[in-house]
Amino acid sequence: MSDTLTTLKELAAQVRGATRKGENTAERVGRLFVGILALMEESEISFEPSEGYDTLGTLKELAAQVRSATEDSENTAERVGRVFAGILDLLEQSGIEFDTAEGDDSIEILQSLSDQVRGATRKGENTSERVGRLFAGILNLWAMRAEDWNKVIPPVYVRSDNGRQYLGIYNATKSVMEDYPDGLTQDVTITCTQTNIDYKGNRYQDEDSMWSVEMKGWNQDTAHILTIDGAGKCTLDGRGFGGIHIEDCSNIIIRDITFLNFNTYEGVYAPEEPACIYATNISKRKPCRNLYFENLTVKGQSTKSPNSNYRTRYGITVKGYENVCLHNIRMSQVVVQPISITDANTVYISKIRFSESVMQAEVVGHPSIMSLSATDVYIMDCDIDGSHYNEVAISVGKVKQLFLERNHIYKTCGPVIGISNELGADKIFISGNYMHDNMELPKYQWDCTWFTFPGMSKEIIIANNTFVFSSGYFQEFFARSSTSAIERLVNVNNIFVRHNEQNHGIFILSSVHSLISGSNIYNKETVLYSMADNTSPVYFAGNNQGNLAYIQAQGYEAGTAQITDGSAILMDDRPCLTAELAAIHKSVAEYVREFDYKYQTNDRDNTSIGCDNYYSVEFDETADTTDGYDGINRYSNEVFSSAAQYSMPSDQTQVLLARSKNRDRMVVFNITKSDDVGNRIVSVGRLASFSIRPKLDGNGEYTADQLYDVTIE
């Protein structure tokens, strides 16, 4: 247990009044340092050092070294002075206005004293008076601050509906639920107005909970949205436990928050999976819809012991929600299941930045960076450093439609993506991606395969990508599965090259019924198409599986080339063909997307192959005003758009994708009955799914068709 302020003041007086040699032991001095830093850590103040000074975590380590020293020479003037200087810097940078009582030292005087301590060169120069005076001065400053907490810590959370202010995020969200027990009747935003660290279990959390925020059984039947907006000022420190817990709630937006020290299992035990954000639909009695998380930072490194192996195990976990959107989230040191979304209708993931995480495989059977289970999945514009994850980096199950566009995925130790659906997938679209240096150390070394596809797929389109193979294993494959049957495979405008002398193959499958291929680049001596089923409509026997001339003679791979050295065709600073090669290798226009890997505009008639178009031009997405949507009937697979009215039977699910080209625009779909503007369905995020109903009588029987208007905010 940490020393109280009173105890620390008594210790400081003993240090200052010491007269005998050796009286101020390492234990006494170190205990004071440890106690002061503990008081600072347990407060709700955000302590960030100025440049050149130490963080709170580093100062704690130094204080422990001072306390445990066994030789007088260990606690040098530099070490002791450094701790004093660091503490005073944190206090100064905190923004608190310190009052000093008559006779007490100001923070400026104390900083001058700490410089003297640190710069001492003669034995005995750092007297008991000098060191004790510093301790006493720091504690007096802290005491003055503590006497009037509300003066130095202004209310930091404000509600949009009534202007009420709160000192803790837990009580702010709790008050909204209490004021709207049956769900929201208007949109409400809780905004952080002061830079702060909000600790789990702080004095402004009325209830004992293992979560920093907890919402249960609320807002399921409304079309109104609760937004928790950290405004870039809010940091939640879970102290080893969980972050935001959402259970059986709908229409929640969480944005602009930094998460620290969650689910580290450092000195605490928590059942279940107390992730940074943990959302579940437990009751199943009512559908849970619309989770939108954006502009978040998840730092899994422990703040208590930053150099330890304690790391966040679970980042964002969602179970049983219809529409889930994750946008612009930075994750590091999340070591088991960074993103897990199961049993969803639609999942839209964009601009995830993942790095610096060493997988802990003993916690779950097969950890992945992303583990997704949903009907429609979009993964866009992500940057995934898969170092130390030696199983499948991205696992996608139960998917009917998957779009994988403009992602940078690299250094995965294991397979890149595993895609599965027992009933078969309708469409898999892989375009504009840059993937390289993967399969460095797979857990199952026989499985050096980047992609695995479902047993049955109606259509797989792989276009405008750059894939660079560099594994040191004897064989490496882009896609391999002896059970994968594909009705229509499109393979155009891609670069498949290796940077070593190992063998690799591109498509090692069961069967392909229809193949469209061309304008690709491969290394020589590469197996291009190998089908296990010799009755496959597309089939090349024996040595012809890698014989480009033979394959071209059969009507495939027009405009494709094979090269000897795969390391010489790309620019040094980007995954783009050199100017000379870009002029030669042009894309099949039909499969060129509007934007390339850099999100620059393509001219379909003048686009070099690969993910990065040599001829693309810059695009200002912030000025984009494109509106409308494209849709698909998930039952019949009919496509439609906002350009015309679309009719469908009731109970069938529609999936809508907003056309906006501004990737940072938060989209809200409003689906309203045309003759009843008060009754609406809301979907938050660029991808929406919903089912509609006809007009019914009192017995629930059909009476007439029902028109709906779809608008986008």
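Above this text is the structure in question.
Please read these numbers as outputs of a predicted model, since none were measured by experiment. (Residues numbered from 1 in each chain as written. Predicted model: local features only at pLDDT ≥ 70, side-chain atom pairs only at ≥ 80, totals over all residues. Heavy atoms only, no water.)

Enquirer: I'd like a rundown of the packing of aromatic side chains, residues and numbers included.
Expert: Tallying each qualifying case throughout the model produces 27 aromatic pairs. Taking the centre distance of 4.6 Å and the plane angle of 5 degrees together, the rings of Tyr 378 and Phe 403 count as stacked. Placement of Tyr 378 in strand β14 (residues 370-380) and of Phe 403 in strand β17 (residues 401-405) is noted, with a sequence separation of 25 residues between them. A relative accessible area of 6% places Tyr 378 in the buried class. Owing to a relative accessible area of 8%, Phe 403 belongs among the buried residues under this scheme. Ring centres 5.3 Å apart and planes at 80 degrees place the aromatic pair Phe 478 and Phe 496 in the edge-to-face group. (Phe/Tyr/Trp six-rings, centres within 6.5 Å; stacked < 30°, edge-to-face > 60°. Helix = DSSP H or I, 4+ residues; strand = E, 2+ residues; numbered from the N terminus. Buried < 20%, exposed > 50% of the residue type's maximum accessible area, 1.4 Å probe, protein only.)

Enquirer: Let's hear about the side chain of Thr 173: which residues, and what values?
Expert: In this fold, Thr 173 is placed in helix α8 (residues 169-179). With relative accessibility at 0%, the residue Thr 173 sits in the buried group.

Enquirer: Kindly report on the sheet that holds strand β35 (residues 653-658), identifying the contributing residues and their values.
Expert: On the basis of which strands lie adjacent, the open sheet formed by four strands has the order β34-β33-β35-β38 and antiparallel pairing. The open sheet has two free edges, formed respectively by β34 (639-641) and β38 (687-691), since each of these has just one partner strand. In this sheet, adjacent strand axes meet at a mean angle of 25 degrees when their direction is disregarded. Pairing between strand β33 (residues 629-633) and β35: five bridges, direction antiparallel. (Pairing = 2+ DSSP bridges. Axes fitted to C-alpha atoms, helices over the stretch in contact; angles between N-to-C directions.)

Enquirer: Now, about the pattern of salt bridges: what can you tell me, with residues and values included?
Expert: Across all of its chains, the model carries 24 salt bridges by this definition. Of the charged contacts in the structure, one is a salt bridge between Lys 216 and Glu 214, with a shortest N-O distance of 3.6 Å. For Lys 216, a relative accessible area of 46% corresponds to the partly exposed category. Taken together, the salt bridges that share partners define one network made up of Asp 381, Glu 405, Arg 406, Arg 593, Glu 621 and Arg 663. (Salt bridge = Lys/Arg side-chain N within 4 Å of Asp/Glu carboxyl O.)

What is shown is where atoms sit, not what they do.
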